[in-house]
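# Structural description and commentary
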Amino acid sequence: MASVGLFYVGAVLFINGLMLLGWVEPKAAAILNLFVGTLQVVTPTYLIFTANGDTTTILQASGLYLFGFTYLYVGIGLLGGLDSTGVGWFSLFVAVAALGFSALNFTQLANKPFGVIWLYWALLWSLFFVLLGLKRERLTRYTGWVALIEGWVTAAVPGFLLLAGLWQNRGLTALVLGAVGVVMVVALLPTLRGAGPRHAVEAPEPTPQPTEPAPDRPLSRA
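Residues numbered from 1 in each chain as written. Predicted model: local features only at pLDDT ≥ 70, side-chain atom pairs only at ≥ 80, totals over all residues. Heavy atoms only, no water.

Right, let's talk about the packing of aromatic side chains for a bit. Scanning all chains against the criterion turns up 15 aromatic pairs. Centroid distance Phe-67 to Trp-121: 5.0 Å. Interplanar angle 65°. Geometry classified as edge-to-face. Highlighted residues: Phe-67 in helix α4 (residues 64–80) and Trp-121 in helix α6 (residues 112–133), separated in sequence by 54 residues. Considered together, Phe-67 and Trp-121 belong to a single accessibility category, that of buried residues. Ring-pair connections join several aromatic residues into one group, and the members of that group are Phe-67, Tyr-71, Phe-101, Trp-118, Trp-121, Trp-125 and Phe-128. (Phe/Tyr/Trp six-rings, centres within 6.5 Å; stacked < 30°, edge-to-face > 60°. Helix = DSSP H or I, 4+ residues; strand = E, 2+ residues; numbered from the N terminus. Buried < 20%, exposed > 50% of the residue type's maximum accessible area, 1.4 Å probe, protein only.)

This is how it looks when you write it as structure tokens:
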């Protein structure tokens, strides 16, 4: 069931990346954020309630809330035209938590590929924090491309392979994911010199109003 949610996380990251790049309007992206956010809250809740006290299952399910809450937060914020600061600072919390889940996957859960994937997510949510929380708009295009690529590399493709029973939980998979991540980070650096999102527009200059000549008045005497 978690694999289904992971697959659709790929879809929402893809759409959010396109939104940051200016190819999808924010309110149009909001709907999918609400759909996937709801899925990523219902899914871990079901998994936890049916875990029968299995601490490993509960641990793995608990991380899904980080993303479910993010997408709901984003979707509601986009529809309501809310300031993004709250989402940005929550993203910092997610980024720090992702480092912890990465460490657990490398050690306790013995799942090195997802240890690397959690590092991907820590990077992306750190970018969300800097972009949305600290308002560093210079990172807009870079963050958009990272979100778009991670949507496929860390969610859609792994989710599909897990559903098909083709996922390989091996050290080689982790190495390939790590290499792709390094190439992504470096190859996208030129986008930091690019322009902002295409849909962003500057505020129009105020239209000058014609002025009427002042009426003739007698000069006052000192």
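Once that is clear, we can look at the environment of Ala-30. Mapping Ala-30 onto the fold places it in helix α2 (residues 26–49). Judged by relative accessible area, which is 0%, Ala-30 ranks as buried. Taking C-alpha positions, Ala-30 is 9.5 Å from Val-12, a pair spaced 18 residues apart along the chain. Non-local contacts of Ala-30, meaning those with residues more than four positions away in its chain, are made with Gly-75, Leu-78 and Leu-79. (Contact = heavy atoms within 4.5 Å.)

It is worth spelling out helix α5 (residues 85–106) at this point. With 22 residues, α5 extends 32 Å from end C-alpha to end C-alpha; this agrees with the ideal 32 Å at 1.5 Å per step. Among the residues making up α5, those that are buried are Val-87, Gly-88, Ser-91, Val-94, Ala-95, Ala-97, Ala-98, Phe-101, Ser-102 and Asn-105. Those residues of α5 that are buried lie in contact with α3 (55–62), α4 and α6. (Expected span 1.5 Å × (residues − 1).)

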